[in-house]
Amino acid sequence: QVQLAESGGGLVQPGGSLRLSCTASGSFMSIIAMRWYRQAPGQQRELVATITSGGSTNYADSVKGRFTISRDAAENTVNLQMNSLKPEDTAVYYCKVHALHFDGTISDYWGRGTQVTVSS
């Protein structure tokens, strides 16, 4: 099992910044990829950013140039630096981890989510 602890959400004015963090703990051999998703009220959950164990990153078009995903492999932590925030970035942000277990199985785990509200 893998447990995820998210932090860093809150209320920020348009144009401001927030930094989200997600730390994985528990029993696993390695983390293959870490992702951030978000879900706004009444909308489907969408993928925001991905970082792989090799350091490759990918972003949704809506956040390119404003958000940066990074990873501290030693701490099993993924961060999402969000700059130039817009009201449409308001959502619950979820961390998702793709983990390799010692028995060779691969599983996905979700965090509980952290609220990000962009409003003046």
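The preceding data block contains the structure.
Here the structure is a predicted model, which means the values were calculated and not measured. (Residues numbered from 1 in each chain as written. Predicted model: local features only at pLDDT ≥ 70, side-chain atom pairs only at ≥ 80, totals over all residues. Heavy atoms only, no water.)

Another point: the sheet that holds strand E8 (residues 77-82). Two modes of strand pairing occur in sheets, parallel and antiparallel, and in both the strands are linked by backbone hydrogen bonds. Taken together, the four strands give an open sheet; going across it, the order is E1-E3-E8-E7, and neighbouring strands pair in antiparallel fashion. One side of each edge strand has no neighbouring strand; the edge strands of this open sheet are strand E1 (2-7) and strand E7 (67-72). With direction set aside, neighbouring strand axes in the sheet form an average angle of 15°. Note: E1 against strand E3 (residues 18-26), six bridges, orientation antiparallel. Of the residues in E3, the one forming a bridge with Leu4 is Ala24. (Pairing = 2+ DSSP bridges. Helix = DSSP H or I, 4+ residues; strand = E, 2+ residues; numbered from the N terminus. Axes fitted to C-alpha atoms, helices over the stretch in contact; angles between N-to-C directions.)

With that out of the way, let us pick up the state of the cysteines. As used in these notes, a disulfide is a covalent bond between sulfur atoms, one from each of two cysteines. Overall, the coordinates contain one disulfide when judged by the stated rule. The partner cysteine of Cys22 in its disulfide is Cys95, sulfur to sulfur 2.2 Å. The sign of the S-S torsion, about -80°, decides the handedness of the disulfide formed by Cys22 and Cys95: left-handed. Here Cys95 lies in strand E9 (residues 91-100) and Cys22 lies in strand E3, a separation of 73 residues in the sequence. (Disulfide = S-S within 2.5 Å.)

The next subject is the environment of Ser120. Mapped onto the fold, Ser120 is located in the segment after strand E11 (114-118). As for Ser120 and Pro87, which are separated by 33 residues in sequence, their C-alpha atoms are 8.7 Å apart.

Moving on to the nonpolar core. The biggest cluster of nonpolar side chains holds 32 residues, and the ones touching the most others in it are Trp36, Leu80, Met82 and Tyr93. For this core, the secondary structure elements donating two or more residues are E1, E3, strand E4 (30-39), strand E5 (46-52), E7, E8, E9 and E11. Sorting elements by how many residues they give to this core places E9 first, with five residues. Aside from chain neighbours lying at most four places away, what touches Tyr93 is Glu6, Leu20, Trp36, Tyr37, Arg38, Val48, Phe67, Leu80, Met82, Gly113, Thr114 and Val116. (Core = buried A, V, L, I, M, F, W, Y, C linked by side-chain atoms within 4.5 Å. Buried < 20%, exposed > 50% of the residue type's maximum accessible area, 1.4 Å probe, protein only. Contact = heavy atoms within 4.5 Å.)

Further remarks concern the pairing of E3. Where E3 lies against E8, six bridges are found, and the strand directions are antiparallel. Counterpart to Cys22 in the pairing with E8 is Val78.

So, about the pairing of E9. Among the 10 residues of E9, seven are classified as buried, and the element is accordingly described as predominantly covered. Inspection of the sheet shows E4 paired to E9 by nine bridges, in the antiparallel sense. Opposite Ala33, over in E9, you have His98 as the bridge partner. One ladder, built from three bridges, connects E9 with E11; its direction is antiparallel.

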